[in-house]
Amino acid sequence: MNQRKRIHEGDRASIMLKEISALVDGHIRLMEVCGTHTVSIFRSGIRSLLPKGLELISGPGCPVCVTPVGEIDRAIALAQIQDVTLLTFGDLMRVPGTSSSLNQERAVGRDIRVVTSPLDALEIAQGEPQRRIIFFAVGFETTSPAIAAAVREARRKRIANLYLLCSQRLIPPAIRALLSSRSVKIDGFILPGHVSVIIGKTPYSFIAREFSLMGVITGFEALDILEGVYMLLRQKKEGRSEIEVQYTRVVKEEGNRLALEIMEEVFEPFDARWRGLGVIPESGLTLREEFKEMDAALVFDIPYEDRKDPPGCLCGQILQGLKRPLDCPLFDTRCTPENPVGPCMVSSEGSCAAFHKYGAST
Amino acid sequence: MKQSKILLAHGAGGKLSHDLVKELFLPFLENDILCTLDDSAIIPTEGPRLAFTTDSYVVKPLFFPGGDIGRLSICGTVNDLAMAGAAPLGISASFILEEGFPTQELERIIVSIQQAAREAGVMVVAGDTKVVERGAAEGLFITTSGVGIIREGVEIAGSHALPGDSVIINGPIGDHEAGVLLARGEFSLKGEIESDCAPLSGLVQAMLDACSDIHVLRDPTRGGLATVLWEIANASKVGVIVEEERIKVKTEVRGMCDLLGFDPYYLANEGKLVAFVPQQEAERVLDAMKADPLGRESAVVGRVVDENPGKVLLKTRIGGHRLLEPLSGEQFPRIC
């Protein structure tokens, strides 16, 4: 049964690839905004199948990659406070800060633990009331509703020892910033399907309206991505610039109202700094006034300080699609997954890590 | 060594483990036998050649669906012997016990060792126990060593793959690591995946009965299938092409990988082997494998080529291709 489905998949892919080839005329650059797409494109070998004139470039949609050095340093500073336990997603452990990393801090005895869900933070805070638990909240619209739910639950259960280092970011403002800077030439966007499960389609309408560009909200299977590419090329051929949904089996136009409401209740947007992209208006989420007593940066008084990116590291430009990992002189020389210099080599969704792992030749 | 301290990733079986052995151990302990870096050392004697191997087991949790640290410690060592084509002669088992460890659990583990040894047709012929103070070990660590005999005419090594060889695997990959990770309960995921932990000595002897000219055998433990194929491609200076469509991965393992962003080609197995055999012998070997309970799902998954020596190419389901590089930089928790 499974076997049959997969053979079918190969057939469908080759039909779609033929149609894609027929639509490519001249040089076309599409940006896959999200790291999950980047990895899926590599894994399925899509890059090796696309016609020459069609270029896929990776965008800023890797939450670990866009977290600036200053934020890593802030997490390290928090972890150094007595009685503090810092909880983080795994990939952040190895991102170099200015002079240390969370991994190195753990090796010298700080209590830093890897969790996979914000709800783990709740459990840990409840189980260890004598410790102050700080959750390093990193992620896009996909993780923020769960973080908001954890915050609300902590409030309901009167858990007083749980704090957030808010470093969540929003995708549409980043795309707007990329387009406004006009530094990178993009014909259209492969937009992340899972983000739109939460936010729907409307937040992207400015791409078509203000910049006359196209976008397709796309799923993560190989065939989804091929179909997304095909839909973008169709638009170009027909002279349209619209936001369309390929991932219709899960994405609703209006998104997930419940998730949006809980995010809105707990968080408000603020002007956040992104690695490579600088400060982008209303592109981050921070706790609303009513929840400020859980804001680790305020409670422990560790304000954000700007820090320089590691010298020579091109992550900032790679995240904007201005450079490719192979353009970086550190790629696979000084910067490897074992000894990463920049976050794009650390995160499993980073484009340098993907280039390294799946082979630059493909 | 680049790093001044040992990191968890040095034990993950990937690039860092490789570097650790090459940069720190080999410069001091180098000799012709050790330097092959095969699963077992092959020691020439006046009589039959002996295969000798040793391995430590630090899995967490100690008990998991499909096995426990005891079963693992027998299967792992028996399989390392089997990958040299050796039939196991005897095994030693050495225990480091943490003060306070429940004897009832220890008994369960020893019974499981007995059972696995029986399945493998081998006896535990020597042993040792040490107890360390609470906190100095996590429950229980086991080290086993094994000796086996290699029959006349069998010449198996990681460096013996030849262009034209067929690549065979004895079933779906990733079950062990997926099962252990799930059993750790760290991912808030429900469900159970059974480890494939099993002794492969019987299967290998059946394969050798069908064809004594097997070129390479490897068990894809830490680092998974991708790392093992890469090691063979490099040791033999050949290219390897495998097809995604032919490599089985159970639906639940694939589902877990999708959720966590893991790649099944890098997950550890404890009851799987990869065989490189001359193409004209492949059918015969495959038939012998399918007749064994541990080989029922065996399949040819790829072939060896002249081109791109040292590289492993995966043909994807949609007809594209990508390289399979060795496991690198990832820090998987302790799984074996």
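What counts and how
- Residues numbered from 1 in each chain as written.
- Chains lettered and ligands numbered in written order.
- Predicted model: local features only at pLDDT ≥ 70, side-chain atom pairs only at ≥ 80, totals over all residues.
- Heavy atoms only, no water.
- Domains from an automatic or database assignment.
- Contact = heavy atoms within 4.5 Å.
- Buried area = accessible area lost by both parts, 1.4 Å probe.
- Disulfide = S-S within 2.5 Å.
- Helix = DSSP H or I, 4+ residues; strand = E, 2+ residues; numbered from the N terminus.
- Buried < 20%, exposed > 50% of the residue type's maximum accessible area, 1.4 Å probe, protein only.
- Arc of directions from axis to C-beta.
- Salt bridge = Lys/Arg side-chain N within 4 Å of Asp/Glu carboxyl O.
- Patch = residues over 30% accessible without salt bridge, like charges linked within 9 Å, V, L, I, M, F, W, Y side chains within 5 Å.
- Areas by Shrake-Rupley, 256 points an atom, 1.4 Å probe, with all protein chains shown as cover.
- Phe/Tyr/Trp six-rings, centres within 6.5 Å; stacked < 30°, edge-to-face > 60°.
- Lys NZ or Arg CZ within 6 Å of the ring centre and 35° of its normal.
- Pairing = 2+ DSSP bridges.
- Core = buried A, V, L, I, M, F, W, Y, C linked by side-chain atoms within 4.5 Å.
- Axes fitted to C-alpha atoms, helices over the stretch in contact; angles between N-to-C directions.
- Polar contact = N/O pair within 3.5 Å; in protein donor to acceptor, adjacent residues only side chain to side chain.
- 1 Å grid on protein atoms, 1.4 Å probe; cavity = no way out; pocket = protein on both sides within 12 Å on 5 of 7 lines; lining within 4 Å.
- Points joined across faces, edges and corners; volume = space filled by probe spheres on them.

### So, the domain arrangement of chain B
Residue and element names in this part refer to chain B.
Item 1. In terms of domain boundaries, chain B breaks down into domain 1 (31–150) and domain 2 (166–323).
Item 2. Taking only C-alpha atoms into account, the centre of domain 1 sits 22 Å from that of domain 2.
Item 3. Every contact between the two is made by 25 residues of domain 1 and, on the other side, 22 residues of domain 2.
Item 4. When domain 1 packs against domain 2, the two sides together hide about 1900 Å² of surface, and 61% of this comes from carbon and sulfur.

### Focus: the state of the cysteines
All names here are of chain A.
Item 1. Taken as a whole and assessed by the stated rule, the structure comprises one disulfide over all chains.
Item 2. Linked covalently through their sulfurs, Cys62 and Cys65 form a disulfide whose S-S length is 2.3 Å. What sets the handedness of the Cys62 and Cys65 disulfide is the S-S torsion sign, and at about 70 degrees it is right-handed.
Item 3. Cys352 provides the cysteine sulfur closest to Cys335, a residue in no disulfide bond, and the two sulfurs are 6.3 Å apart.

### Some points on unusual backbone geometry
Item 1. In this chain, B:Lys60 is followed by B:Pro61 through a cis amide linkage whose omega measures 0 degrees.
Item 2. Tracing the sequence through the fold places B:Pro61 in the loop between β2 (49–57) and β3 (63–64).
Item 3. A positive phi is found at A:Ser212, a non-glycine position, where the angle reads about 50 degrees.
Item 4. Structurally, A:Ser212 can be placed in the loop between α10 (205–211) and β8 (214–218).
Item 5. Even without glycine at this site, B:Lys237 takes up a positive phi of about 55 degrees.
Item 6. With respect to the helices and strands, the residue B:Lys237 is situated in the loop between α6 (224–236) and β10 (239–243).

### Considerations on helix α7 (residues 251–260) of chain B
Residue and element names in this part refer to chain B.
Item 1. All of the buried residues in α7 are Val253, Arg254, Met256 and Cys257. Along the axis of α7, the buried residues cluster in a sector spanning 160 degrees; they form a single face. Turned more than 90 degrees away from the buried face of α7, the exposed residues are Thr251, Asp258 and Leu259.

### Looking at the pattern of salt bridges
Item 1. In total, this model carries 43 salt bridges over all chains according to the counting rule given.
Item 2. When the shortest N-O distance is used, the salt bridge between B:Glu243 and B:Arg246 registers 3.4 Å.
Item 3. Among the residues examined, B:Glu243 registers a relative accessible area of 26% and is labelled partly exposed.
Item 4. Here the salt bridges share partners, and the residues they tie into one network are A:Arg234, A:Glu238, A:Arg240, A:Glu242 and A:Glu244.

### Observations concerning a nonpolar patch on the surface
Item 1. Taken together, the side chains of B:Met1, B:Ile6, B:Val21, B:Leu24, B:Phe25, B:Phe28, B:Leu29, B:Leu34 and B:Leu37 define a hydrophobic patch exposed on the protein surface, amounting to about 830 Å² of accessible area.
Item 2. Relative to the helices and strands, B:Leu29 resides in helix α1 (residues 15–29).

### Concerning helix α4 (residues 69–79) of chain A
Residue and element names in this part refer to chain A.
Item 1. Counting buried positions over the 11 residues of α4 gives 10, a clear majority of the element.
Item 2. Within α4, burial applies to Val69, Gly70, Glu71, Ile72, Asp73, Arg74, Ala75, Ile76, Leu78 and Ala79.
Item 3. Close packing links the buried residues of α4 with β3 (84–88), α5 (102–107), β4 (112–114), β5 (132–139), β6 (162–169) and α13 (296–299).

### What about the packing of aromatic side chains?
Residues and elements named next belong to chain A.
Item 1. Tallying each qualifying case throughout the model produces seven aromatic pairs over all chains.
Item 2. Considering the side-chain rings of Phe206 and Phe211, the 6.3 Å spacing of their centres and the 75 degrees angle between planes classify their relative orientation as edge-to-face.
Item 3. Feature note: the residues Phe42, Phe355 and Tyr358 constitute an aromatic cluster, connected by ring pairs.
Item 4. Above the ring of Trp274, the side-chain terminus of Arg169 is found at 5.9 Å from the ring centroid.

### As for the environment of A:Phe211
Item 1. With respect to the element layout, A:Phe211 can be found in helix α10.
Item 2. If we skip the residues at most four places from it in the chain, A:Phe211 touches A:Arg176, A:Leu179, A:Ser180 and A:Phe206.

### As for the pairing of strand β7 (residues 188–192) of chain A
All names here are of chain A.
Item 1. Burial analysis of β7 places five of its five residues in the buried class, the great majority of the element.
Item 2. Covered by surrounding structure in β7 are Gly188, Ile190 and Pro192 together with Phe189 and Leu191, the residues of both alternating faces.
Item 3. Where strand β1 (residues 28–34) meets β7, three bridges bridge the pair, whose relative direction is parallel. Looking at the pairing, Glu32 lines up with Ile190 of β7.
Item 4. When β7 meets β8, the two strands line up parallel, connected through five bridges. Counted as the bridge partner of Phe189 is Gly215 from β8.

### Some points on the nonpolar core
Item 1. Among the nonpolar cores identified, the biggest contains 104 residues, and A:Ile175, A:Phe189, A:Tyr204 and A:Ile207 are the most heavily contacted of them.
Item 2. Ranked by residue count, the leading element in this core is β5(A), at six residues.
Item 3. For A:Phe189, the residues in contact, after removing those within four places along its chain, are A:Met31, A:Val33, A:Ile175, A:Leu179, A:Ile207, A:Leu213, A:Met214, A:Gly215, A:Val216 and A:Leu232.
Item 4. Within the second largest apolar cluster, 36 residues are counted, among which are B:Ala226, B:Ile247, B:Phe276 and B:Val301.

### Regarding the sheet that holds β5(A)
Residue and element names in this part refer to chain A.
Item 1. The six strands are arranged β4-β3-β5-β6-β11-β10 in an open sheet whose pairing can be described as mixed. The sheet is open, and its two borders are formed by β4 and β10 (267–274), each paired with just one other strand. Averaged over all pairs of adjacent strands, the angle between their axes in this sheet comes to 25 degrees, without regard to strand direction.
Item 2. Of the strand pairs in this sheet, β10 and strand β11 (residues 278–287) are connected by seven bridges, and their pairing is antiparallel. Within the sheet, the bridge partner assigned to Pro269 lies in β11 and is Leu285.
Item 3. Against the sheet, α4 engages β3, β4, β5 and β6, with an angle of about 170 degrees to β6.
Item 4. Sheet contacts for helix α8 (residues 171–181): β6, β10 and β11; angle to β11, the most-contacted strand, approximately 175 degrees.

### Quick word on the sheet that holds strand β9 (residues 243–245) of chain A
Residues and elements named next belong to chain A.
Item 1. The sheet built from five strands is open, its strands ordered β2-β1-β7-β8-β9 with parallel pairing. This sheet does not close on itself; its edge strands, each paired only once, are β2 (54–61) and β9. The mean inter-strand angle of the sheet, taken between neighbouring strand axes irrespective of direction, is 25 degrees.
Item 2. Pairing analysis gives three bridges linking β8 to β9, with the strands arranged parallel. Paired with Val216 across the bridge in β9 is Glu244.

### Points about the side chain of A:Asp295
Item 1. Tracing the chain through its elements places A:Asp295 in the loop between β11 and α13.
Item 2. In terms of polar contacts, A:Asp295 uses its side chain to reach the backbone amide nitrogen of A:Ala297, at 3.1 Å.

### Some thoughts on empty space enclosed by the protein
Where empty space is left becomes clear once a probe the size of a water molecule has been rolled over the atoms.
Residue and element names in this part refer to chain A.
Item 1. The final tally for this structure, using the stated rule, is five cavities of 30 Å³ or more.
Item 2. In this structure, the largest cavity spans a volume of roughly 70 Å³.
Item 3. Taken together, 16 residues line the largest cavity, and the ones lying closest to its centre are Ser58, Gly59, Cys62, Leu319 and Ser351.
Item 4. Listing elements by their share of the lining of the largest cavity, those giving two or more residues are β1, α2 (35–43), β2 and α14 (315–319).
Item 5. With four residues, the top contributor of residues to the lining of the largest cavity is β2.

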